[in-house]
Amino acid sequence: MNIRKALIRQISKNEKLYILTKQVRLKTLMIFGKLIPDKIYIKLQYRLRLGRKLNLNNPVLFNEKIQYAKLYYRNPMLKLLVDKYEVRKYVKEKIGVKYLTKLYGVYDTIDEIPFENLPEKFVMKLTNGSSYNYICHLKNNETKSEIEYRFKKWMTVDFYMLGREWAYKDVKNRIICEELLETNDDYGLNDYKIFCFNGVPKIIQVDFSRFVNHKRNFYTPEWEFIDEIVEYDNDPKANIPKPVNLDEMVECAKVLSEGFPQVRVDFYDVDGRVIFGEMTFYHGAGYLNFKNPKFELEMGEYWDV
């Protein structure tokens, strides 16, 4: 038991060091990035991250079109839909409340969080940005201090300044607390990301084994395997069955993506229950590594900018 506690304590220290290091890097980007105009900043980041020149005059690749959208697509609806709290109203109106996770609260500051009233299990996220989450499997005496440490730093991040994703400009950081989704699936909770173009689902990305050995497979809306690799290795031999509710997911994605040139609509399948995840207009911030350039071109061809 003492060894286990020591290990947990060491993991916690490592996480705090990672958070602190990342925070310093982000602060540096935000401070010095303000001196650089959006277009120049995006071109520099694209060159540094992908090792090639960005073509904004005639974008054809998927990553190029994401950069183009950052600079020139100005639909005011995006500012609501990238907010993890505000998007719930849109989902409720379009496809119904049954597709939403249970909401425990949304808070402007850490001091507003009623820790004593939270359930034993929950997930807490920033309403802005991606991957700024705290997953609580069992609330204990250290939960409050862990959340305070993380979110005090995370709340200061200006997500617009980091990637110049226009939808995040002037959107306030808040904290949202929702139910923790769990499943008995062998790969854990699969994340189904449906890429839609003008309201038409074209490609489904499935992320699995995310906390053990992250893999990523691609499928058609008819669940035909697409042997492509983007950022993470795929696993053609992985036994990922076609979800029994796939047609329902695809239909929901159609409804939610209607009217947008391109958007990724995410869902979870919790033992047959379809749950909305989020809507993303700048997949991977437009810096993901496509192993096959033809696949990046194909995804770009779906998108009319």
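Described below are features of the structure shown in this document. Treat the numbers as computed from the prediction; the structure is a model and nothing was measured. (Residues numbered from 1 in each chain as written. Predicted model: local features only at pLDDT ≥ 70, side-chain atom pairs only at ≥ 80, totals over all residues. Heavy atoms only, no water.)

1. Some thoughts on the pairing of strand S4 (residues 175-178)
Thinking step 1. The side-chain alternation of S4 yields two buried faces, one formed by Ile 175 and Cys 177 and the other by Ile 176 and Glu 178.
Thinking step 2. Summarising the sheet, strand S1 (residues 103-107) and S4 pair through four bridges and their orientation is antiparallel. Across the sheet, Val 106 pairs through a bridge with Ile 176, a residue of S4.
Thinking step 3. Across four bridges, the pairing between strand S2 (residues 122-126) and S4 is antiparallel. Looking at S4, one finds that Val 123 is bridged to Glu 178. (Buried < 20%, exposed > 50% of the residue type's maximum accessible area, 1.4 Å probe, protein only. Helix = DSSP H or I, 4+ residues; strand = E, 2+ residues; numbered from the N terminus. Pairing = 2+ DSSP bridges.)

2. What about a nonpolar patch on the surface?
Thinking step 1. A cluster of nonpolar side chains, contributed by Ile 135, Phe 211 and Val 212, occupies part of the molecular surface with about 390 Å² of accessible area.
Thinking step 2. Residue placement: Phe 211 occurs in the loop between strand S6 (200-208) and strand S7 (215-219).
Thinking step 3. Note on Phe 211: relative accessible area 75%, which makes it exposed. (Patch = residues over 30% accessible without salt bridge, like charges linked within 9 Å, V, L, I, M, F, W, Y side chains within 5 Å. Areas by Shrake-Rupley, 256 points an atom, 1.4 Å probe, with all protein chains shown as cover. Salt bridge = Lys/Arg side-chain N within 4 Å of Asp/Glu carboxyl O.)

3. A few points about the side chain of Arg 174
Thinking step 1. Within the fold, Arg 174 resides in the loop between helix H7 (159-163) and S4.
Thinking step 2. Residue Arg 174 is classed as buried on the basis of its relative accessible area, which comes to 13%.
Thinking step 3. A polar side-chain atom of Arg 174 sits 3.2 Å from a polar atom in the side chain of Asp 83.
Thinking step 4. Of note is the side chain of Arg 174, whose polar atom sits 3.1 Å from the side chain of Glu 86. (Polar contact = N/O pair within 3.5 Å; in protein donor to acceptor, adjacent residues only side chain to side chain.)

4. What to know about the pairing of strand S3 (residues 133-136)
Thinking step 1. Judged by which residues are buried, S3 turns out to be one-sided: Tyr 134 and Cys 136 face inward and are buried, whereas Asn 133 and Ile 135, on the alternate face, are not.
Thinking step 2. Relative to S3, S2 runs antiparallel, the two being bridged by four bridges. Pairing of Lys 125 across the sheet is with Asn 133, part of S3.
Thinking step 3. Hairpin remark: S2 followed by S3, antiparallel, with six residues in the connecting loop; positive phi at Gly 129, about 75 degrees.

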